[in-house]
Amino acid sequence: MLEVDALKKSYGNLLAVNGVSLRAGVGEIVGLLGPNGAGKTTTVSMIAGLTTPDSGTVRIEGRPLSGDRDPIKRRIGLVPQDLALFDELTAHANLQLFAALYNLDGAAAKRAIGDTLELVGLADRAQERVKNYSGGMKRRLNLAAALLHDPQILLLDEPTVGVDPQSRNAIFDNLEVLKSRGKTLVYTTHYMEEAERLCDRVVIIDHGQVVANDTLQGLYRLLPVTNLLAVEFDSGQDGIDLNEIQAVPGVRFAKFEAGTLRVGLQNLATETPRVLEWLVERGHLYRNVASERADLESVFLTLTGRSLRDS
Amino acid sequence: MMIPFRALVRKDLLLFFVDRRALLMSFAVPIAIASFFGYVTGGSGDQANAGKIFVLAVDRDHSAISREIVNRLSAEKALDVKPSTPLDARAAVRKGSATVAVIIPPNFGQEAGEAFFGPSEKPQIGVLFDPSHSAERAMVAGILSGDVMQAVSKEMFTGQTGRDVLKTSLADVEQSQGMSPQIKKPLEDLLRSADRLNRQSDQTPGLSGGLSMPYTTREEAVTAHENVQYNGYAHAFAGMVVQFGLFLGIDVGIGLLQQRQRGLWKRFRAAPLSRSTLLGSRAVSAAILAFLVVQVNFLFARFVFGVKVEGSMLGFLGVSAAFALMTAGFGMLIATLGKTPEATRGLSIFVVLIVVMLGGAWIPMFLFPQWLQKLTVVMPSRWAMDGLEATTWRGLGLEAALLPIAVLLLFAALFGGLAVARFRWEVEG
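Residues numbered from 1 in each chain as written. Chains lettered and ligands numbered in written order. Predicted model: local features only at pLDDT ≥ 70, side-chain atom pairs only at ≥ 80, totals over all residues.

## Let's talk about the overall build of chain A
Step number 1: A tally of helices and strands in chain A yields 10 helices and 14 strands.
Step number 2: For chain A, buried positions account for 41% of its 311 residues.
Step number 3: By sequence separation, contacts in chain A at least 24 residues apart represent 69% of the contacts at least 6 residues apart. (Helix = DSSP H or I, 4+ residues; strand = E, 2+ residues; numbered from the N terminus. Buried ≥ 20, exposed ≤ 12 C-beta atoms within 10 Å, placed from the backbone. Contact = placed C-beta atoms within 7 Å.)

## Regarding the interface of chain B and chain A
Step number 1: Of the residues lining the interface, 25 residues belong to chain B; the matching set on chain A comes to 33 residues.
Step number 2: Where the side of chain B that touches chain A is concerned, the elements lending two or more residues are α1 (2–17) and α10 (264–270) of chain B.
Step number 3: Residues belonging to the side of chain B that touches chain A are distributed by class as follows: 13 nonpolar, three polar and nine charged. (Nonpolar A, V, L, I, M, F, W, Y, C, P; charged D, E, K, R; others polar.)

## Some words on the domain arrangement of chain B
Step number 1: Splitting chain B by domain gives domain 1 (8–41 + 235–422) and domain 2 (53–207).
Step number 2: For domain 1 of chain B and domain 2 of chain B, the distance between their C-alpha centres works out to 56 Å. (Domains from an automatic or database assignment.)

## Focus: helix α3 (residues 106–120) of chain A
Step number 1: In this model, α3(A) (15 residues) spans 22 Å end to end at C-alpha, consistent with the 21 Å of a helix rising 1.5 Å per residue.
Step number 2: One or two positions beyond α3(A), positive phi appears at Gly121(A), with a value near 75°. (Expected span 1.5 Å × (residues − 1).)

## A few points about helix α6 (residues 134–158) of chain B
Step number 1: With 25 residues, α6(B) extends 36 Å from end C-alpha to end C-alpha; this agrees with the ideal 36 Å at 1.5 Å per step.
Step number 2: Three or more residues of α6(B) are buried, namely Val140(B), Leu144(B), Asp147(B), Val148(B), Ala151(B), Val152(B), Ser153(B), Lys154(B), Glu155(B), Met156(B) and Phe157(B).

## So, the sheet that holds strand β7 (residues 153–157) of chain A
Residue and element names in this part refer to chain A.
Step number 1: Spatial strand order, β6-β7-β8-β3-β9-β10: six strands in an open sheet with mixed pairing. Unpaired on one side and paired on the other, β6 (76–79) and β10 (209–215) mark the two borders of the sheet. Each strand of the sheet is rotated relative to its neighbour by a mean of 15°, with strand direction disregarded.
Step number 2: In the sheet, strand β3 (residues 29–33) pairs with strand β9 (residues 201–206) via four bridges, with the strands oriented parallel. Within the sheet, the bridge partner assigned to Leu 32 lies in β9 and is Val 203.
Step number 3: Running over the sheet, helix α4 (residues 135–147) touches β6 and β7 and is turned about 165° from β6. (Pairing = 2+ DSSP bridges. Axes fitted to C-alpha atoms, helices over the stretch in contact; angles between N-to-C directions.)

## Here's the deal with the environment of Glu28(A)
Step number 1: Inspection of the secondary structure assignment puts Glu28(A) in the loop between β2 (14–24) and β3.
Step number 2: Look at Glu28(A) and you get partly exposed, because 18 C-beta atoms sit within 10 Å.

## Remarks on the nonpolar core
Considering soluble globular proteins, one finds that nonpolar side chains tend to be buried as a cluster.
Step number 1: Of all hydrophobic cores here, the largest spans 85 residues; its most connected members are Ala99(A), Leu141(A), Ala144(A), Leu148(A), Leu155(A) and Val186(A).
Step number 2: Beyond its immediate chain neighbours, meaning those up to four positions away, Leu141(A) contacts Leu85(A), Ala91(A), Asn94(A), Val120(A), Leu122(A), Val130(A) and Tyr133(A).
Step number 3: Ranked by size, the runner-up nonpolar core spans 63 residues in total, among them Tyr233(B), Val294(B), Phe298(B) and Leu408(B). (Core = buried A, V, L, I, M, F, W, Y, C linked by C-beta atoms within 7 Å.)

## A look at the packing of helix α9 (residues 232–261) of chain B against helix α13 (residues 341–358) of chain B
All names here are of chain B.
Step number 1: Contact geometry for α9 and α13: axes closest at 10 Å, N-to-C directions at 165°. For the element pair α9 / α13, the angle class is roughly antiparallel. In the packing of α9 onto α13, the handedness of the crossing is right-handed. Between α9 and α13, the contacting residues are Val 242, Gln 243, Leu 246, Phe 247, Ile 250, Gly 253, Ile 254, Leu 257, Gln 258 and Gln 261 on the first element and Pro 341, Thr 344, Arg 345, Ser 348, Ile 349, Val 352, Val 355 and Val 356 on the second. (Parallel < 35°, antiparallel > 145°, perpendicular 65-115°, else oblique. Left-handed = near helix turned anticlockwise from the far one by under 90°.)

## Here's the deal with unusual backbone geometry
Residues and elements named next belong to chain A.
Step number 1: One non-glycine residue, Ala 6, lies in positive phi territory at about 50°.
Step number 2: Structurally, Ala 6 can be placed in strand β1 (residues 2–11).
Step number 3: The exposure class of Ala 6 is partly exposed, given the 13 C-beta atoms found within 10 Å.
Step number 4: The phi angle at Asp 150 is positive, at roughly 55°, despite the residue not being glycine.
Step number 5: Summarising the element assignment, Asp 150 is placed in the loop between α4 and β7.

## A few points about the sheet that holds strand β4 (residues 55–60) of chain A
Residue and element names in this part refer to chain A.
Step number 1: In space, the four strands of this open sheet follow the order β2-β1-β4-β5, with antiparallel pairing throughout. The strands lining the two open edges of the sheet, one partner per strand, are β2 and β5 (63–64).
Step number 2: Pairing geometry for β1 and β4, over five bridges, is antiparallel. Bridge pairing in β4 places Lys 8 opposite Ser 55.
Step number 3: Along the sheet, helix α1 (residues 40–48) makes contact with β1, β2 and β4, crossing β1 at roughly 120°.

## Comments concerning the confidence of the model for chain B
All names here are of chain B.
Step number 1: Residues with a pLDDT of 70 or more make up 91% of chain B, whose mean pLDDT is 86.
Step number 2: When the elements of chain B are averaged for pLDDT, helix α8 (residues 181–203) gives the smallest value, 79, and helix α16 (residues 398–422) the largest, 95.
Step number 3: Prediction confidence for the complex, expressed as pTM and ipTM, is 0.76 and 0.84 respectively. (pLDDT = per-residue confidence, 0-100.)

## What to know about the confidence of the model for chain A
It should be kept in mind that the predicted coordinates are not to be read in detail where pLDDT is low.
Step number 1: Here chain A averages 91 in pLDDT, while 99% of its residues score no lower than 70.
Step number 2: Helix α10 (residues 296–304) of chain A is the least confidently modelled element of chain A, averaging 83 in pLDDT, while helix α2 (residues 91–100) of chain A averages 97, the highest of any element.

## A short note on the pairing of strand β3 (residues 100–104) of chain B
Residues and elements named next belong to chain B.
Step number 1: Of all five residues that make up β3, five are buried, and the element is covered over most of its length.
Step number 2: The alternating pattern of β3 places Val 100, Val 102 and Ile 104 on one face and Ala 101 and Ile 103 on the opposite face, and all of these are buried.
Step number 3: As paired strands, strand β1 (residues 53–59) and β3 are joined by five bridges and run parallel to one another. Among the inter-strand pairings, Val 55 is bridged to a residue of β3, identified as Val 100.
Step number 4: Here β3 pairs with strand β4 (residues 126–129) via four bridges, running antiparallel. When the sheet's bridge partners are listed, Val 100 is paired in β4 with Phe 129.

See the structure below:
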């Protein structure tokens, strides 16, 4: 269990983190979603004990973190955003060093290295120098290095930056395995798709502050609509009265965009048939119907007034 | 805590030995430069061809005296004399291909003889020299005056030119009307005595050497032991070991900054390790590597150029170890000076070059002004040089190494303490 309360950190006049609080339980993946510079990495650095907060507390399994040599640090594994590896050494030599940092050597280190390499799918490339690895393989090794001491809490700071979709999926698979083993994962990202795929809860951070902290469904409920119906007509928009459509039960809004009718619905399953029936009954024969689900981008836009991608 | 400490040290050593550039800079480059410096500064005792001054001799007189002067110059051990013409000699000095040119003018022998016994005007020998080699010019001028004096006096007392000049001078004095009897009589006696000496020397060759220096010198290079010649490679290797040892220190500091830049420092700091483990392991690995650089370079010098530890082996190892610790402290300090590796590297290379130069690794310290020589006591490189030279070619005992060791350890403590105080433990952002 990870408990973070009211963390604050300033660098000169810049307030990087302003009162961030969050919880992450056993077998839970909590996403820290926000644009670059939002304060995600600083928050992770404070949780890992790399940076001393100006105020606020971090508790690992009920205990506060104190000092460089606090044994509670063994319960944390950190996957930095950078590829924190020695390129000139083999993967095995890298992992041997990182295992030793947690007092693992001999048979225990060998077993841990073997297990983690197996998990990330690099067991057969262990004796290769890291400089010969692809970007995706380096990312997987970066993850493996944080798992050697079998930490309960894993802090992942944008662990898929710059990797191809195949490697990203492989990392996601690894993380889902870790979740199934009961690990607590804190995952920072500015990719909403990643947060949507992986996270049980999402903490949205902007300008160092938490603007939302909920499950995905809970966050979607913050939106005026959770689904959008897009309807295209052969005859264009002639004769369609938007006010009349908005009177249909369940419809939150209706508007035309580039010749396509867009209807905001709260419940796609029950409200779509009503809208389509209403159109057919009035002779507006549609050519194509598609639905769009609300996403975290819409949530971020609703909460901050800015797009996540443009921030 | 020994497992992480050992692993961190092992990692640094491993990274050093897989890095070709580091190996090249620590072993191959200092060996190559020290070998070159050692050779041009006299090598391992074979002085026959070492450091000869190239002199061009232009004989426009072709008299017995001028030939004798050129022969005497050619016989000097310190000079490499070649004949030339006035135009070629001037061009060669101007281009720097010759250091000094000596031009003996026409009729030099006759005029020098006349000036030797009488008030005639003295002839001039031209000395052209490269102004960037004024020390060599002074040396050639000194040798030249000795050789000219011997050649002229020999010819005057025993040669045909001398006899002719003597007879002419005696006749001039005898016929002189204005000369006072108090001067005329002794001068006639002197010239007649010289004439008698000339005639006797025809039967007694031992008397025909002319004037010569009333002393000779017995030169002895004071080295470790009697009959042990000075080995120029010892100084050269000491200098390069100090220079490239400090360069290794720069790499240690830059390496720490790069680890921070690449996120590795985050991984280290995330582990339950003390600050002394993190910095101490880096200092120990740096000291091991610097010690290794000293030993490997001197081993090469031992087997290839015969540079031996003529003095205390314990002192030599002590100076090496103290220098290695100072280098480690210097490296750690470098890591605290700048924020980025790129900015720090340029500044620290400049600092090392100054420190090495003032330590006497490139040029001997006696060439520095007095005030600058006094300033060198604050240069750790100077103490490393003193200690290494004392225990190698000077052949001094442990007591001569103790002060350099103590000073180097003080520098190590100072640099290390400053590094710990200034080190940025926090990881930003």
